[in-house]
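Fold and geometry: a report
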Amino acid sequence: MKTIIIAGPSGSGKTFLANYLIKHINNTIIVNTDSYYRDDFFVKFLSLFMNDIYDRIISIKKRELSNTIKSIYNNEKELKFYNYDFRRKKSTQLIRKMQNETKFLIIEGIFSHRIDLNYKTSLNIFCRESKKICYQRRLKRDQLERGRNKKEVSRKFNKSWELYLKDLNSYIIKNDIYEVNCLDKNSYKKLVNKLKKIDIHKKTKVNI
């Protein structure tokens, strides 16, 4: 099994790329870190004083996320995932039964480059996009899917952009990075061809 990390700021096209890959690569599973947001009292309480709490790693269920990833690596037949409703700020648990062996595990989301993984053994993809385009996408998504107004989106986006870039340089410097731009369709096709050439049967050490 080969692990693919898709990193990038909010609105950079991570989810779009992950969905594109799963359509063109067989036996692939996507784990979205945004689906593992906590809905407990502690985080809700902190959100009253910290407008950027959901852009910080403390806001996600790291243990549950780690357990899901471990289950996938172990090729378990029944996997436990989570889903987060951004309007109700409610997390639910999902069970997925597996029929085939997983060849590629895609981990995407704003926290994908900050979880306890050995990024030296994964294929690290970075979605590079301008701040302006990312904001336009974030505005459209948050207004339609999360019921936020433009002022609220602008405030949250600017803060999340700063927080994301703060930890990004270290990740890029320490690891081999494959960059894509979702406006460049050829870069997507090249990536799919690259993945199809990977020998997924070769033993890969993965630390969680």
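Computed from a prediction, not measured in an experiment: that's the story for all the values here. (Residues numbered from 1 in each chain as written. Predicted model: local features only at pLDDT ≥ 70, side-chain atom pairs only at ≥ 80, totals over all residues. Heavy atoms only, no water.)

With that settled, consider the sheet that holds strand β6 (residues 123–127). The 5 strands lie next to each other as β2-β5-β1-β6-β7, forming an open sheet whose pairing is parallel. Two strands bound the open sheet, and with one partner strand each, they are β2 (28–32) and β7 (177–180). The average undirected angle you get between the axes of adjacent strands in this sheet is 25°. Pairing of β2 with strand β5 (residues 104–108), which is carried by 5 bridges, proceeds in the parallel orientation. Its bridge partner lying in β5, Thr28 is registered against Phe104. Most of the contacts of helix α6 (residues 185–196) go to β7, to which it runs at about 145°, and overall it touches β1 (2–7), β5, β6 and β7. (Pairing = 2+ DSSP bridges. Helix = DSSP H or I, 4+ residues; strand = E, 2+ residues; numbered from the N terminus. Axes fitted to C-alpha atoms, helices over the stretch in contact; angles between N-to-C directions. Contact = heavy atoms within 4.5 Å.)

What follows concerns the packing of aromatic side chains. This structure, assessed with the given rule, holds 13 aromatic pairs. Relative to Tyr171, the ring of Tyr119 lies with its centre 5.4 Å away and its plane at 85°, an arrangement referred to as edge-to-face. Linking Tyr119 in the loop between β5 and β6 with Tyr171 in helix α5 (residues 150–174), this pair joins segments that are 52 residues apart in sequence. A relative accessible area of 10% means that Tyr119 is categorised as buried. Among the aromatic residues, ring-to-ring pairing joins Tyr37, Tyr54, Tyr84, Phe86 and Phe111 into one connected group. Looking at Arg146, its charged tip hangs above the ring of Phe86, at a distance of 3.5 Å from the centre. (Phe/Tyr/Trp six-rings, centres within 6.5 Å; stacked < 30°, edge-to-face > 60°. Buried < 20%, exposed > 50% of the residue type's maximum accessible area, 1.4 Å probe, protein only. Lys NZ or Arg CZ within 6 Å of the ring centre and 35° of its normal.)

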